[in-house]
There are 2 protein chains.
Amino acid sequence: MKKVFVIGIGPGDEKNMTAFAKEALEKSDYICGYTVYVDLVKSLYPQKPVISTGMRQEAQRCELALRTASENNTVSVICSGDSGVYGMASLIYELWANNSNYSDIEIEIVSGVTAATSGSAVLGAALSHDFAVVSLSDLLTPWELIEKRLHAVSSADFCIAIYNPCSKKRNDYLQKACDIILKYKKTETVCGWVRNIGRDGEEYRVLTLGELKDEKLDMFSTVFIGNEYTKILNGKMVTPRGYKIN
Amino acid sequence: MKKVFVIGIGPGDEKNMTAFAKEALEKSDYICGYTVYVDLVKSLYPQKPVISTGMRQEAQRCELALRTASENNTVSVICSGDSGVYGMASLIYELWANNSNYSDIEIEIVSGVTAATSGSAVLGAALSHDFAVVSLSDLLTPWELIEKRLHAVSSADFCIAIYNPCSKKRNDYLQKACDIILKYKKTETVCGWVRNIGRDGEEYRVLTLGELKDEKLDMFSTVFIGNEYTKILNGKMVTPRGYKIN
């Protein structure tokens, strides 16, 4: 069958995968993805051949997945977290629409648990009200637009989940983001970060926005900014939904 | 064991649940939740007693879950989608911190696939760039704040996932929201909605922002607004991540 599944495998541990994701992997002839993510599922399906390329070769990897599917195969493209949120779903659709040889390939997107929700659960209930998801990676997005978006959501007191808060090349981006957010939110605003969600070495910290500004994080971290009502309850970051409590 | 799991069961179909969610349900002595959601999992665990109350009795229901747990039980509080996003996780933490009788109850939040990502997958890849999640329900949030948030995220060209777009009492809220969004985004902006995600009767439509304004939806629908780059590819709503395609 000519088919590409684009699968969100969740934050890491196999138990965070949905049954749909597992079923799709089982039906697949090939597994395709960035090596770090393939390693998270490879042990479940050691017999399945892997289509893998290095980091930042997303377009080549997805092209290879579609070409393999066009040769009458079922291919699972796997993404960490959800398959849509900064994942490969849109790229697969774009490459598919771009080449008429691929038009008879069936595409199915299988969603997964994204870091905004899995990280929020580690911290407590960080995002239980309106929230925005913003990536600080400027590889594909102009930094000016990222700044504009941070201004916008901070000014309307959204909770914010920040993906890709830093990397080796972008080690001051989180600080820059906090400087913008601090124009609108108080320095005592409750924040948190989670590293290696659902994987070995998972760790988290609940802290203030003022403290967050000076944290040294890495690309495996997700950052959470509270709204004005977010509080710390027994060490957990909790954003109330607004229910009255007697 | 005195324990409360707060579980996101995903959009509906059992196969959208994670293995962690199933494990937690299996470990539980009681299942607690709004009847509509309990019905989605009850058939899996027919022998487990159910703690249920009607709609809009969230605080009473969660209080009952904690009281039952304090009598040396494990209780699963189930939420549709994710347990944090407009779910019960924050309310459980608030009630837990509010009553010293509950202090020895262990709380564990199990995240699930939220409608923003599961609905995006049905439509194609609706949210593959920065996005905001906004609920139009003004039961717990002043409408003025909802409007302010819609202005903010529209002005910075976020993709937007709208939860609770309407109900019987609020049948013009989606129209009001579209009027605000149309101040910033073009009438041709690609949008979509999904009804009954992952359940019997799932349906979706990809349409323009101008058309969305006049759609009659219900509380089982989730609405997706694209950014300026969102396009329709073979009937699917696709927001590019920004990769260069040859």
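Conventions used here
Residues numbered from 1 in each chain as written. Chains lettered and ligands numbered in written order. Predicted model: local features only at pLDDT ≥ 70, side-chain atom pairs only at ≥ 80, totals over all residues. Heavy atoms only, no water. Helix = DSSP H or I, 4+ residues; strand = E, 2+ residues; numbered from the N terminus. Rg over C-alpha atoms; globule rule 2.2 N^0.38 Å. Buried < 20%, exposed > 50% of the residue type's maximum accessible area, 1.4 Å probe, protein only. Areas by Shrake-Rupley, 256 points an atom, 1.4 Å probe, with all protein chains shown as cover. Pairing = 2+ DSSP bridges. Least-squares fit on C-alpha atoms with pLDDT ≥ 70 in both. Phe/Tyr/Trp six-rings, centres within 6.5 Å; stacked < 30°, edge-to-face > 60°. Lys NZ or Arg CZ within 6 Å of the ring centre and 35° of its normal. Contact = heavy atoms within 4.5 Å. Buried area = accessible area lost by both parts, 1.4 Å probe. Polar contact = N/O pair within 3.5 Å; in protein donor to acceptor, adjacent residues only side chain to side chain. Arc of directions from axis to C-beta. Salt bridge = Lys/Arg side-chain N within 4 Å of Asp/Glu carboxyl O. Core = buried A, V, L, I, M, F, W, Y, C linked by side-chain atoms within 4.5 Å.

A. The overall build of chain A, seen in detail. The helix and strand inventory of chain A stands at 8 helices and 13 strands. A globule of 246 residues ought to have a C-alpha radius of gyration of about 18 Å, and chain A, at 19 Å, matches this closely. Oriented by its inertia axes, the alpha-carbon framework of chain A measures out at about 55 × 40 × 30 Å. For chain A, with 246 residues in total, the buried portion stands at 59%. In the form shown here, chain A has an accessible surface area of approximately 9,600 Å², with 46% of it arising from carbon and sulfur atoms.

B. Layout of the sheet that holds strand 13 (residues 236–238) of chain B. All names here are of chain B. The strand order 6-13-12 describes an open sheet built from 3 strands, whose pairing is mixed. Two strands close off the open sheet at either side, each with one partner strand: strand 6 (124–125) and strand 12 (231–233). Bridging between strand 12 and strand 13 involves 3 bridges; their strand directions are antiparallel. Each bridged residue has a counterpart across the sheet, and for Lys231 the counterpart in strand 13 is Val238.

C. Spotlight on the relation of the copies chain A and chain B. Aligned on chain B, chain A shows an RMSD of 0.0 Å; the corresponding rotation is 180° and the shift along the axis is 0.0 Å. Classification of the inter-copy transformation places it as that of a two-fold axis.

D. Fine view of the pairing of strand 4 (residues 74–79) of chain B. Residues and elements named next belong to chain B. The buried fraction of strand 4 amounts to 6 of the 6 residues, a majority that puts the element mostly inside the structure. Residues Thr74, Ser76 and Ile78 of strand 4 are buried on one face, and the alternating residues Val75, Val77 and Cys79, pointing to the opposite face, are buried as well. Inspection of the sheet shows strand 1 (residues 3–8) paired to strand 4 by 6 bridges, in the parallel sense. Bridge pairing links Ile7 to Ile78 in strand 4. Here 3 bridges tie strand 2 (residues 30–32) to strand 4, and the two strands are oriented parallel to one another. Across the sheet, Tyr30 pairs through a bridge with Val75, a residue of strand 4.

E. Seen up close, the packing of aromatic side chains. For the structure shown, the criterion picks out 8 aromatic pairs over all chains. With a centroid separation of 5.6 Å and 65° between ring planes, the pair formed by Tyr93(A) and Trp96(A) is classed as edge-to-face. Taken together, the positions of Tyr93(A) and Trp96(A), both in helix 4 (residues 89–98) and 3 residues apart, correspond to about one turn of that helix. The pair formed by Tyr93(A) and Trp96(A) is uniform in burial state, with each residue classed as buried. Over the ring of Phe158(A) we find Arg149(B), and its NZ or CZ is 5.3 Å from the ring centre.

F. Structural context of the pairing of strand 1 (residues 3–8) of chain A. All names here are of chain A. With 6 of its 6 residues buried, strand 1 lies for the most part within the structure. Burial of strand 1 is two-sided: the residues Lys3, Phe5 and Ile7 facing one way and the residues Val4, Val6 and Gly8 facing the other way are all buried. Where strand 1 lies against strand 5 (residues 106–110), 5 bridges are found, and the strand directions are parallel. Bridge pairing in strand 5 places Val4 opposite Ile107.

G. Broad picture of the interface of chain A and chain B. Counting residues at the interface gives 69 residues for chain A and 69 residues for chain B. For the pairing of chain A and chain B, the buried interface totals around 6,200 Å² over both sides, and the portion due to carbon and sulfur atoms is 61%. Along the contact surface separating chain A from chain B lie 32 residue pairs in polar contact (both at pLDDT 80 or more). With 9 residues, the single largest contributor to the side of chain A that touches chain B is helix 4 of chain A. As defined by bridge partners, strand 7 (residues 131–135) of chain A adjoins strand 7 (residues 131–135) of chain B across 3 bridges and the pair is classed as antiparallel. For Ala132(A), the partnering residue across the bridge sits in strand 7 of chain B and is Ala132(B).

H. Main features of helix 7 (residues 173–181) of chain A. All names here are of chain A. Within the span of helix 7, buried status applies to Tyr173, Leu174, Ala177, Cys178, Ile180 and Ile181. For helix 7, the angular spread of the buried residues around the axis is 160°, confining them to a single face. Buried residues along helix 7 sit against helix 6 (143–155), strand 8 (159–163), helix 8 (209–212) and strand 11 (221–225).

I. Representation of the pattern of salt bridges in the model. Scanning the model with the defined rule gives 29 salt bridges over all chains in all. Here the salt bridges share partners, and the residues they tie into one network are Lys3(A), Glu106(A) and Glu108(A).

J. Main features of the nonpolar core. Counting residues in hydrophobic clusters, the biggest one holds 54 residues, and the most contacted among them are Leu212(A), Ile225(A), Leu212(B) and Ile225(B). The contacts of Ile225(B), once residues within four sequence positions are left out, are Cys159(B), Ile160(B), Ile162(B), Ile181(B), Lys185(B), Val190(B), Cys191(B), Leu209(B), Leu212(B) and Met237(B). The next biggest cluster of nonpolar side chains, apart from the first, holds 37 residues, and it includes Leu123(A), Met237(A), Val190(B) and Val194(B).

K. View of the sheet that holds strand 13 (residues 236–238) of chain A. Residue and element names in this part refer to chain A. With respect to topology, 3 strands assemble into an open sheet ordered 6-13-12, the strand pairing being mixed. The sheet is open, and its two edges are formed by strand 6 (124–125) and strand 12 (231–233), each paired on a single side. Relative to strand 13, strand 6 runs parallel, the two being bridged by 2 bridges. Each bridged residue has a counterpart across the sheet, and for Ala125 the counterpart in strand 13 is Val238.

L. Structural context of the environment of Lys3(A). All names here are of chain A. Mapped onto the elements of the fold, Lys3 is located in strand 1. Counting along the chain gives 24 residues from Lys3 to Lys27, while the straight-line C-alpha distance between them is 10.0 Å. When near neighbours in sequence (up to four residues on either side) are disregarded, Lys3 contacts Ala69, Asn73, Thr74, Val75, Ile105, Glu106 and Glu108. A distance of 2.7 Å separates the side chain of Lys3 from the side chain of Glu108, its partner in a polar contact.

M. Quick peek at the environment of Asp138(A). Residue and element names in this part refer to chain A. Mapped onto the elements, Asp138 comes out in the loop between strand 7 and helix 6. Taking relative accessible area as the criterion, Asp138 reaches 26% and is therefore assigned partly exposed. Separated by 32 residues in the primary sequence, Asp138 and Arg170 have C-alpha atoms spaced 8.9 Å apart. Look past the residues within four positions of Asp138 in its chain and what remains in contact with it is Trp143, Ile146, Arg170 and Tyr173.

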